[in-house]
Amino acid sequence: MEKKRKEMEKAKSGLRLAMEELCLYSSGDEKEEQVQVKAQEQPRSSTMDLLSVSKQLLRVLDEIGPTLLVLRQDIQQNIQRLQDLLEIDSSKYASLTAIVTEEVEQGTVKKTKSCTRAIIWLSRSISFSKCLMERLLKAPELSMSEIVEEAYAKTLKPWHGWISSAAYKVAMKLVPEREVLIALLMGNCQDFEDLTEDAKMLTYAVQPMLEEIDAISVKHNLDKLKSS
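Going by what an unreviewed UniProt entry lists, the protein chain is known as Glycolipid transfer protein domain-containing protein and is assigned to Urochloa decumbens.

A. Quick peek at the overall build of the protein chain. Secondary structure assignment for the protein chain yields ten helices and zero strands. In the protein chain, the succession of helices and strands from N to C terminus is α-α-α-α-α-α-α-α-α-α. With 228 residues in all, the protein chain has 46% of them scored as buried. At a minimum sequence separation of 6, the contacts of the protein chain that also span at least 24 residues come to 70%. Here the protein chain displays about 12,300 Å² of accessible surface, and carbon together with sulfur accounts for 54% of that area.

B. Broad picture of unusual backbone geometry. Positive phi values are uncommon outside glycine, yet N221 reaches one of about 55°. Turning to its location among the elements, N221 is positioned in the segment after α10 (192-219). Judged by relative accessible area, N221 falls into the exposed class, the value being 61%.

C. Examining the layout of surface pockets more closely. Of the voids in this model, the largest pocket is the one considered here, and its volume is about 450 Å³. Lining the largest pocket we find 18 residues, and of these D74, Q77, W121, S164 and S227 sit closest to its centre. Contributions of two or more residues to the lining of the largest pocket are made by α4 (69-88), α6 (115-138) and α8 (162-172). If one sorts the elements of the lining of the largest pocket by residue count, α4 sits on top with six residues. Class assignment of the residues belonging to the lining of the largest pocket gives a composition of six nonpolar, eight polar and four charged. Taken together, 18 residues make up the lining of the second largest pocket; nearest its centre are S123, R124, S127, W159 and D214. Elements with a minimum of two residues in the lining of the second largest pocket: α6, α7 (144-155) and α10.

D. Representation of the packing of α4 against α6. Interhelical geometry of α4 versus α6 gives an angle of 135° and a closest axis separation of 9 Å. By the criterion of interaxial angle, the relationship of α4 to α6 is oblique. Pair α4 / α6 crosses with left-handed handedness. Only C115, A118, I119, W121, L122, S125 and F128 of α6 make contact with α4, whose side of the interface consists of L71, D74, I75, N78, I79, R81, L82 and L85. Taken together, the residues of the contact of α4 with α6 break down into eleven nonpolar, two polar and two charged.

E. Broad picture of the side chain of S114. Relative to the helices and strands, S114 resides in the loop between α5 (96-106) and α6. Relative accessible area serves as the criterion here: at 4%, S114 is assigned to the buried category. In terms of polar contacts, S114 uses its side chain to reach the backbone carbonyl oxygen of V109, at 2.8 Å. When near neighbours in sequence (up to four residues on either side) are disregarded, S114 contacts R81, E103, T108 and V109.

F. Here's a closer look at the pattern of salt bridges. Per the stated rule, a full pass over the model turns up six salt bridges. A salt bridge links K130 to E134; its shortest N-O distance comes to 3.7 Å. Placement of the pair is K130 and E134 together in helix α6, with a separation of four residues, close to one helical turn. As a salt-bridge pair, K154 and E150 come within 3.5 Å of each other at their nearest N and O atoms.

G. Up close: the nonpolar core. L50 and L82 are the most contacted members of the largest nonpolar core, which totals 57 residues. For this core, the secondary structure elements donating two or more residues are α3 (46-64), α4, α5, α6, α7, α8, α9 (178-186) and α10. Counting residues per element, this core draws most heavily on α6, at 13 residues. Excluding its chain neighbours within four sequence positions, the residues that come into contact with L50 are L82, L96, I119, L122, S123, I126, M209 and I213.

Scoring rules and cut-offs
- Residues numbered from 1 in each chain as written.
- Predicted model: local features only at pLDDT ≥ 70, side-chain atom pairs only at ≥ 80, totals over all residues.
- Heavy atoms only, no water.
- Helix = DSSP H or I, 4+ residues; strand = E, 2+ residues; numbered from the N terminus.
- Buried < 20%, exposed > 50% of the residue type's maximum accessible area, 1.4 Å probe, protein only.
- Contact = heavy atoms within 4.5 Å.
- Areas by Shrake-Rupley, 256 points an atom, 1.4 Å probe, with all protein chains shown as cover.
- 1 Å grid on protein atoms, 1.4 Å probe; cavity = no way out; pocket = protein on both sides within 12 Å on 5 of 7 lines; lining within 4 Å.
- Points joined across faces, edges and corners; volume = space filled by probe spheres on them.
- Nonpolar A, V, L, I, M, F, W, Y, C, P; charged D, E, K, R; others polar.
- Axes fitted to C-alpha atoms, helices over the stretch in contact; angles between N-to-C directions.
- Parallel < 35°, antiparallel > 145°, perpendicular 65-115°, else oblique.
- Left-handed = near helix turned anticlockwise from the far one by under 90°.
- Polar contact = N/O pair within 3.5 Å; in protein donor to acceptor, adjacent residues only side chain to side chain.
- Salt bridge = Lys/Arg side-chain N within 4 Å of Asp/Glu carboxyl O.
- Core = buried A, V, L, I, M, F, W, Y, C linked by side-chain atoms within 4.5 Å.

Set out below in structure tokens:
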């Protein structure tokens with residue numbers, strides 16, 4: 001039974017898994033009933049929202065292969081930072097606001113390994129993936145390189161120093177072609193229409209979380225934080 005469950009889970013797309021797991025933590029909205037599955041079973045935790053989506057993003061990157069290793073490593077490090085904090089006190093750090101507020105008060109918010117930086121960069125990575133997915137599914141006239149460059153320019157490039165930019169330029173050239181990437185994202189039991197619907201639902205589900213992080217960043221003047 002357990003083996004069969006794992007096989008079915010593996011066959012799902014990373015987008016479907018991300019949406020289902022996010023629904024365990026996010027309260028959602030009444031006009032999108034599918035985003036509310038199990039939403040009332042436990043209190044909302046914006047930290048778990050962020051970790052849930054970020055972990056599923058890692059699964060998608062694993063399916064794509066080693067071409068986006070630099071992005072994967074960055075996401076994994078930031079996930080681990082937040083998980084370590086939750087292990088200290090899952091109740092105290094259930095909200096992203098609580099994490100940032102504490103670091104602001106301690107004066108550690110802008111340090112290289114702060115959890116606030118982890119939150120901001122996970123948000124940016126999700127925004128990049130979201131933008132890439134939207135263009136992939138809605139702009140068939142664009143080449144994969146054009147889609148990647150557009151998504152990168154809108155979401156990550158403004159906050160990258162020359163070292164990070166150089167690393168990403170190399171990585172982005174190795175992204176699979178459109179047909180290959182779409183096939184990887186679909187999984188074994190989906191068609192293109194299902195993938196499009198999953199992408200739309202997940203975009204709707206993660207938007208409140210991204211807006212929350214943006215608001216926190218602006219409030220504490222952290223929205224311009226850059227990497228090296």
